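# Structure assessment
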Amino acid sequence: MRIASWVPSLIALALLGSPAHAQHRQNLQQVWDAALQRDPAYAAARAQRNADQEIVPQARAKLLPYISASAAGEVDTNRELRGLSQGETKRRGLWALTLTQPIIDIGNWNKLEQSQFVANSADLGMQQAYQDLILRVSQAYFDVLAAQDTLRTVLAQKQAVSSQLDAAKKGFELGGKTIADTYEAQSRLDLLNAGELQARNAVQVSEDQLAKIIYERPGALAGLASTTTLPPPQPNKLGDWTAQAGQANLAVARAQLSAKIVEKQIAIAKSGHAPTLSLYAQTGSISDRGVYGMQNGPRSLDTTVGVQLLIPIYSGGEISSQVREQTSRLQQARYDLEAARRQAVQSTQQYFSGVTSGLAQIEALQAAEKSSLASLDANKIGYEIGVRVNIDVLNAQQQLYETQRALLRARYDTLMNSLRLKASSGILSEADITAINQLLETGPAAALSR
């Protein structure tokens, strides 16, 4: 039996495990649905957005009529100064109803316009939290897959090295090999035992990270099929992506709104010099006199309607200082906007390059995997006929498994770069989760054996 025929079978057996432990796989869409309902960071962002939306009705309320009612009861006692003898005691009750309607209030109108910008920024913050959740879920999902892949390759390599160790022992017993071959295989196996412990710990840590998001231990996860071809970015032109990022990146959009909020804050500060005009109306009564002074005759109901003009004259320089402060903050906001735009373009370039170079790396690693497998076959045959030593076979095995591990990691990294590319351009959505989910294998999966 040729070695080339049983090596792939050995690798597949180690990767798949025992069918007796097979269970249905949990896919990315299911994990995403759980994260939407259970992730505390996203829930906090949603609550913050709802809270910020209330700024609009609060600002509008400053321009609407304000009605207040008051009531009181009084006891008025008059005593003579000499001896504090009892004089006269009067009891009375009073009530008043007052309505105030702003007519001209430039500051509150500016606050209302500013509140709309704050509410829009809160909506964008919610979208950022949504995209961040997509990235965190996807990264945690692929980190689990990568850790499990690493463990599987370690287990497969252990099985291959164990077979090589058995062959070295038999060869030494028959006198055809030296004891050095046995020692070399044993030392490699010992290192793999240590690597297995580290790999199992990495699986545990990655599963804990995913569990923190979905609030449950993840089950067996659906992985990428080995024959899956990852798509290139669409459009496949960097200029189109950077132009999109410069305008639609959510951080850029929020920075633009932040600048508008500060612009309105300057207008609000300047309105401190502006007069305000309000309509007011009041009605009320006191049991023994009118609201506005002593009345002769029966109890009366007094009503007043008027217009009040308030003109600020001097406030100790506070308003001018506030204007200077907000002018400097506007400069800061504009610099922050430019920084956000540059960061968006740079990130887009980085992730676009990550996708395109990742696809090229996957193709190169696939070729390297074939070459490494052929090299391993040749070294095993050479070892059997005596033209290769045991260390050559062990090195060829290690190269093959490291290549396979790098190939799997490159596929996950390329997918994550494609998601981050869309996030930097402001177009990442649940549809991208659905698209990746369609690339995953379905059906039962085997548990990792110990």
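Before going into details, it helps to say that this report is about the structure given with it. The structure displayed is predicted, hence computed values, not measured ones. Numbers given to residues run from 1 along each chain, matching the order in which its sequence is written. With pLDDT at 70 or above as the cut-off, local features in this predicted model cover only qualifying residues; side-chain atom pairs require 80 or more to be listed or tallied, and sums for whole chains, interfaces and linings still use all residues. Side-chain metrics in this entry use all non-hydrogen atoms of the structure; hydrogen atoms and water are not considered.

## What to know about the environment of Phe352
Condition: Working definition: helices are DSSP H or I runs of at least four residues, strands are E runs of at least two. Numbering for both runs from the N terminus.
As for its placement among the helices and strands, Phe352 is situated in helix α9 (residues 318-385). Separated by 62 residues in sequence, Phe352 and Thr414 place their C-alpha atoms 9.7 Å apart.

## Quick word on the packing of helix α5 (residues 106-173) against helix α10 (residues 390-424)
Stated precisely, the cut-off is as follows: In this analysis an axis means a line fitted to C-alpha atoms, helices contributing only their contacting stretch, and an angle means the value between N-to-C directions, from 0 to 180 degrees. Here the angle decides the label: under 35 degrees means roughly parallel, over 145 means roughly antiparallel, 65 to 115 means roughly perpendicular, and every other value means oblique. Basically, the charged four are Asp, Glu, Lys and Arg, the nonpolar ten are Ala, Val, Leu, Ile, Met, Phe, Trp, Tyr, Cys and Pro, and anything else, Gly included, counts as polar.
Two numbers describe how α5 lies on α10: the axes approach to 10 Å, and their chain directions differ by 170°. By the angle class used here, α5 and α10 are roughly antiparallel. By residue class, the composition of the contact of α5 with α10 is 17 nonpolar, 10 polar and 5 charged.

## Some words on the packing of helix α2 (residues 28-38) against helix α11 (residues 430-437)
Inclusion rule: Two residues qualify as a contact provided that any one of their heavy atoms is within 4.5 Å of a heavy atom in the partner residue.
Running from N to C, α2 and α11 point in directions that differ by 150°, and their axes come no closer than 8 Å. If you check the angle between α2 and α11, you find them roughly antiparallel. Along the contact surface, α2 presents Leu28, Gln29, Trp32 and Asp33, while α11 presents Glu430, Ile433, Thr434, Ile436 and Asn437. Counted by class, the contact of α2 with α11 contains 4 nonpolar, 3 polar and 2 charged residues.

## Focus: the environment of Tyr314
Inspection of the secondary structure puts Tyr314 in the loop between β5 (302-310) and α9. Distance in space between the C-alpha atoms of Tyr314 and His273 is 8.5 Å, their sequence separation being 41 residues.

## Re the nonpolar core
Within soluble globular proteins, side chains that are nonpolar generally end up buried alongside one another. Going by this rule: The nonpolar core is taken to be a set of buried Ala, Val, Leu, Ile, Met, Phe, Trp, Tyr and Cys residues, with the residues joined through side-chain atoms within 4.5 Å. Here the term buried applies to any residue with accessible area under 20% of the maximum for its type, exposed to any over 50%, and partly exposed to those in between, with areas from a 1.4 Å probe on protein chains only.
If you look at the biggest cluster of nonpolar residues, it comprises 40 residues, and the most contacted ones within it are Leu133, Val137, Tyr141 and Phe142. Every element with two or more residues in this core is listed here: α2, α3 (40-53), α5, α6 (179-214), α9, α10 and α11. With 12 residues, the top contributor of residues to this core is α5.

## Considerations on the packing of aromatic side chains
The following threshold applies: Pairs were defined over the aromatic rings of Phe, Tyr and Trp, the Trp ring being its six-membered one, requiring ring centres within 6.5 Å. Orientation was assigned from the angle between planes: stacked under 30 degrees, edge-to-face over 60, tilted for the rest.
A complete count under the given rule lists 4 aromatic pairs for this structure. Taking the centre distance of 6.2 Å and the plane angle of 55° together, the rings of Tyr42 and Tyr130 count as tilted. Of this pair, Tyr42 sits in helix α3 while Tyr130 sits in helix α5; the two residues are 88 residues apart in sequence, bridging distant segments of the chain. Looking at Tyr42, the relative accessible area reads 9%, which means it is buried. The partly exposed category is assigned to Tyr130, whose relative accessible area is 22%. Note on Phe142 and Tyr412: the rings are 5.5 Å apart at their centroids and 15° apart in plane angle, and the pair reads as stacked. Pair noted here: Phe142 is in helix α5 and Tyr412 is in helix α10, with a separation of 270 residues, a long-range link. Just as Phe142 is buried, Tyr412 falls in that class too.

## Focus: the side chain of Thr228
Note the threshold: By the criterion applied in these results, polar contacts are pairs of N or O atoms within 3.5 Å in which, for protein atoms, one can donate a hydrogen and the other can accept it, and in which residues neighboring in sequence qualify only through two side-chain atoms.
Tracing the chain through its elements places Thr228 in the loop between α6 and α7 (238-248). Among the residues examined, Thr228 registers a relative accessible area of 13% and is labelled buried. Within the local environment of Thr228, its side chain forms a polar contact with the backbone oxygen of Leu439, the two atoms lying 3.5 Å apart. Sequence-distant contacts of Thr228, defined by excluding residues within four places in its chain, comprise Arg411 and Leu439.

No statement about biological role is implied by the geometric values presented.
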